[in-house]
Structures are given as C-alpha cells and as structure tokens.
Amino acid sequence: MPVGIFRVCLVVITAIVNHPLLFPKENGTVPENTEEIIRKMKEREESLRLEKLRLEQEIAHQEATQKTLEKAAEVVEESKEEKVRWDMWTALSMVIFLLIELWRQDFQEGIWQDTGGEEDDMAVLGKVFKGVAFPDKAVLASFYEKRILGTTGDMARMREMVEGFADDLLEALRSVCNRDADMEVEDCMGVGSMYENWRVRKPFVCDLIVPFAPPEPYCFRSQTWCSGDSFPPDEQGYGTIKVCRADEDVTGCICDKTKLGEDMLCLLHSQANTTRPSSEMEDLLCFKNTQYLDADQVMKWFQIAVTKAWNRISHKYEFDLSFSLLDSPGALKIKFRSGKSIAFNLTPVVQYENSDVYFISHFPRSGLAADLPSSTHWFLTFAVYERRFIQLVSKMLPANACHVSCLQILSFLHGKQCSLTGPSGLTNYHLKTVMLHLLQARPSQDWAPEKLEARLQDMLKFLEKCLHEKKLYHFFIGNRKVPAELGFPIIFQRAEPLNLFRPFVLHRDVYRKTVDTFHEMLRNMSALINEYTVHIPLAHTNGIHKESL
C-alpha cells in the first residue's frame, strides 16, 4: 500500500513540473498553435486521471486481499482451538463412559456391598460373611484334632517311601542315558503341601522336581519377563530357555539379536558357529528350527527315559509303575498287588542361574500354568523358597503356632465345597499365598495356638478382599520385604508385582463361579466342620468361652 501512494505522488509531481505554465515566457517560445497545445494537455490530463484510478483500484484490491488472508488465518486458528476442545471433550466423554460401564458391571454382580467403616482394615466384607455362624474355638480344635492332625504320620511315611524309590529310579535313568548326548539329570527335591506339612485331602500326592542340564559343551541361557526385555502381559511369570554352546557369548554380540543381511558377516562369530543343523538342536530338545528348549519335547524325552529306567529295575520291586494321567506327563502311580496305590509327580525343571528358582513346564493338578503362550515358554516356580520361608518364620512363632492349622482347615473346607458344587478358580496355591502374606503382615505373637479362630477369620477376610478387587499378588515377585536370609534373587524383588487373579479380570464367568463357590463355602462352613467334629458338651463349650473372656 505505501508503494502505491508513492507512485501516485510521483505522477502528480511529474505532471506539475512538466506543466507549460511553470516555464517563464522569456525562456521559451509560445507555440503558435494554441488549440493543439490545449488538446494535448487535456489528453495528458485524462491519461493521468485514468492512471490514478487504476492505481486506486489496485490499492483497494491489495487491501481486500490482505483482509481476506487475515480473516482466513483467524478462521484456521479458531478451527484448531475448536478441534483441540472437541478432542478433549471426546476423550473426557470416553473416560466417563468407561467408568460408568465398569461401575455398572460391578453393580450387576449384586454381591459386594459396602458394610460401613467398622470392618478390619485388611478386608471389605460382604453381607454374606456377616451372616455366617463361625465355629468357636472348641469346635475348631476338635475338628482339627479328629480330621487333620491324624494325617501327619501318614504323610511322613509316604514321603520316605516315595523319595527312596524316586532316587533309585533316577539312578537307573542316568545309567540308561547316553552321557555324551542326553540331558544330565540331578537329584530330585520335594516341594509343595506334602513337604510343608499342610496337605489334608486324600489321596496324598508327593510333588518332586528333577533339575536337568544339557550335555557338554552346551548350557542353558535363561530369559525372564523381568530381565529387561518386553514381554506381553499374558507372558508375565514366564521365561524362555535358550540352548547355547558354553563358549558362545550370546549377550555380548548383536548378531544373534539382529538380522545382519546376506552381504554382512559378524567378525566375532563365524557362520559355522551361528548356524547349526536343525537335527542337532532337535536332539537337544529344542523347538523346531530354533535354539529354545521345548517343554513338550522335554516331557516326551523324560517319559521315555523313565520307562527305560523302570524296565531296568522293575525286577527289584513287587509292584507296578505306570503313568497315571494323560494331561500330566510326570504323574506316576505305584500299584501294589494288594490293590493299594501311591501317586506322585516327577517333573523335570531347569534351574534359573545359580538360584533355587526353577523353570517348570506345568503344574500338576493346578491351573497356574494351564494356558502356556507356547511350548517354549516355561513357568517359574518359587516352591523351594516358599518352603524355606515357612520354615524360617516357624522358628520365630510361638510353640504349636496356628498358621499351618489355618491353612489346613481352609484347604479342607474349599476342597469339600468344590466336591459338592464343582471346581472353581481358586487353588491351594492361592490359599497358601494368602497365608504367606498374613505371616509377613502380622506379629509373631498373633499366631499363638489359642488364636486359631481369629487367624482363620483373617484369612477368610483377606481372601474375600482379594476376590473383590480381583488382585492377589504373588508373595515373592515384587516383594522387597523378603528376608535376606533366604538369598532370594534381587531381580524378582525389584520386578512389578504379579497378580495371580489376573485370569478373573479376563474371564468373568470363571470369576463369578469362584465367588459363588467361596460364599457357598462360608455358608456351609459350620455344617462341613460339624460333620467331622466329635460332639462337645454345651457346659464344656461355655466354660471355654468364660476362660477366653
């Protein structure tokens, strides 16, 4: 716009300067043809006027264009702000909708109700628990003595017999295996309820784990979900086992983790070291065309090896040995000629580094590892540390502490209820996890034998709270309060807590069945206990109540 004004002024000044009247008469000659001069001056004036109009129109057009651009910029800016506001409102609306949907689903359960602020801080109890007639101390003591205490001696004798036979069987297995090509089998270890002295339901089944290692020059390199690599949520609690040569540094070079391309070669590892025949890896029980240990291949090898070992020593025994369950490859059964039988599980495992954490392919009679992501994924078991923790804590508790008694009673009640209404999502491992959390949370004097009733109620309350929240965390994973005396690997203490009730979030039908079974157990608790309790005179019961007061 300033340039246009300048051009107009320049034209006007030029016209004024060139006007003939500005020149003095003495300095020029007046043309003789005055009319011709006047005509030319008018033409010149007309052309200047047209030029002025053209310049004014051009200036007006530029001003209109500038205003249009400014308005367009304002519209674009307003549309951006409106879009941001709309995106924020859309996101907020979605969040509100999801919260309402979650609240609606929980409300439709119709079970969990607020019971006021007078409950214990550890639990939020439903109305069902409020109406339960809980057995008193005398009834619980009589039930425990009659139904549970008498089984301790039977468990000890069975453990001794099974361990002796398993040692002989594994020794025979080593003799039939090729030491240069087959896996090396170590001594077995007893884990689980039979070795923690809280199993109550018959038939008694011993759980034995058998560590094994690859032949030289190979070794196992394990990788867990908390080792730094990304694992999807459904693979938390699992790990993979890679079969490598002992002189192979799989962590120091990226050639094993990255595709280098056809025209590139790793200077540290020759092609002969990085590629192996598929038949060699399959002989090492790896998944096809990989270096990862296959759980299915391991169980097939172990079954064949156990069969060969039994054929070698069967003449020494007056009983038969067979695999008892198709879905549990390590489930064995001893059948005597009298018709009696003894069942036990012999499961191969792989040690995690130099710890007592083990990779296990499956858990017999348990849903903990029922849905493996693949046969190259192995579940981690902390059973050895769990047994050590119970032994360590038991030394600091009062004599005849009631922690094991509580777990035994709860396990018996849950098993009885499942036999009546069908299986639920709860397992004995969940019940033991509840006890482990309470052992760490409560002072040692709270586990005195006379406090059996109170501690049993605590376990039921804690379990109901966990079911309500769909959260029961693994005792060791993510627990930074594990006693240092156990020597527990720090990598698992620093990991994110592992929710054992995560399947309840994904499978609402299983969750509903589990909650119904739990509340049905609470309602039937007195009847189930009285069924196995010797009749106690009323006067004796009242006397016990007065002493407790």
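The structure under discussion appears in the preceding block.
What comes next concerns the included structure. (Residues numbered from 1 in each chain as written. Predicted model: local features only at pLDDT ≥ 70, side-chain atom pairs only at ≥ 80, totals over all residues. Heavy atoms only, no water.)

### Some remarks on the packing of helix α4 (residues 137–148) against helix α10 (residues 403–421)
Working step 1: It is at 11 Å that the axes of α4 and α10 come closest, and there the two elements cross at 75 degrees. One way to sum up the angle between α4 and α10 is to call them roughly perpendicular. Between α4 and α10, the contacting residues are Leu 140, Phe 143, Tyr 144, Arg 147 and Ile 148 on the first element and Ser 405, Gln 408, Ile 409 and Phe 412 on the second. (Axes fitted to C-alpha atoms, helices over the stretch in contact; angles between N-to-C directions. Helix = DSSP H or I, 4+ residues; strand = E, 2+ residues; numbered from the N terminus. Parallel < 35°, antiparallel > 145°, perpendicular 65-115°, else oblique. Contact = heavy atoms within 4.5 Å.)

### Thoughts on the pattern of salt bridges
Working step 1: Counting across every chain of the model gives 18 salt bridges.
Working step 2: Measuring nitrogen to oxygen at the nearest pair gives 3.1 Å for the salt bridge that ties Lys 316 to Asp 168. Linking Lys 316 in the loop between α8 (295–313) and β6 (319–323) with Asp 168 in helix α5 (residues 152–176), this pair joins segments that are 148 residues apart in sequence.
Working step 3: The salt bridge partner of Arg 455 is Asp 458, with a shortest N-O separation of 2.8 Å. Taken together, the residues span about one helical turn, with Arg 455 and Asp 458 both in helix α12 (residues 452–469) at a distance of three residues. Across this residue pair, the class does not change: Arg 455 and Asp 458 are buried.
Working step 4: What you see here is one network of salt bridges that share partners, running through Arg 442, Asp 446, Lys 451, Arg 455 and Asp 458. (Salt bridge = Lys/Arg side-chain N within 4 Å of Asp/Glu carboxyl O. Buried < 20%, exposed > 50% of the residue type's maximum accessible area, 1.4 Å probe, protein only.)

### A word on the environment of Asp 182
Working step 1: Relative to the helices and strands, Asp 182 resides in the loop between α5 and β1 (184–185).
Working step 2: Apart from the residues lying within four places of it in its own chain, the contact partners of Asp 182 are Cys 177, Pro 215 and Trp 301.

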